[in-house]
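# A structural walkthrough
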Amino acid sequence: GKVFTGILALLMVRQGVISENSLNDVIQIDETVLQSLPPNVKEQVREVTLHQVMTHHAGLGDYLQMYMRAIESTNPPKIRDINDFIPFIDCNIFPIGEFHYSNAGM
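These remarks concern the structure in this document. (Residues numbered from 1 in each chain as written. Predicted model: local features only at pLDDT ≥ 70, side-chain atom pairs only at ≥ 80, totals over all residues. Heavy atoms only, no water.)

## So, the overall build of the protein chain
Worth spelling out the cut-off: Segments assigned H or I by DSSP are reported as helices when at least four residues long, segments assigned E as strands when at least two residues long, and all are numbered from the N terminus. Exposure classes here rest on a 1.4 Å probe applied to the protein chains alone. A residue is buried below 20% of its type maximum, exposed above 50%, and partly exposed in between. We call two residues in contact when some of their heavy atoms are within 4.5 Å. For every accessible area listed, the method is Shrake-Rupley and the probe measures 1.4 Å; residues are considered covered only by the protein chains on display.
When you go through the protein chain residue by residue, the secondary structure sums to five helices and zero strands. For the protein chain, with 106 residues in total, the buried portion stands at 28%. In the protein chain, of all internal contacts separated by at least 6 residues, the share reaching a separation of at least 24 is 57%. If you sum the accessible surface of the protein chain, you get close to 7300 Å²; carbon and sulfur atoms cover 58% of it.

This is the structure we're talking about:
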């Protein structure tokens, strides 16, 4: 996803669809999409820029830490759809280029 998003954004800059400066603007998401998101995801996604989406360092930390601990517990979670992963999201957002992004934000 990151490679595809990066290439798509750079092609849009090259073709004049968006300006290079707009890569640092907060991504505009349609209100109907926002309404369908869980509250903690909705809060995180309001601050994400296209540059952050293109340059994040990781994204598996949420699942490799919190989710793996839950799997190893005596009562492992049952994942039936994407919303079942929400409790395992790290809601910390780090500055561009530092540590990792939150899956809630991305």
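Once the structure has been displayed, the description carries forward.
## Details of the environment of S36
Put simply, the rule reads: Counted as a polar contact is a pair of N or O atoms within 3.5 Å, where, for protein atoms, one must be capable of donating a hydrogen and the other of accepting one, and residues adjacent in sequence contribute only when both atoms are in side chains.
Among the secondary structure elements, S36 is positioned in the loop between α2 (31-35) and α3 (39-45). Among the residues examined, S36 registers a relative accessible area of 57% and is labelled exposed. Of the polar contacts made by the side chain of S36, one reaches the backbone oxygen of V33; its length is 2.7 Å.

## Digging into the environment of I79
Along the polypeptide, I79 turns up in the segment after α5 (61-72). Not counting the four nearest positions on each side in its chain, I79 is found in contact with Y67, D84, F85 and F88.

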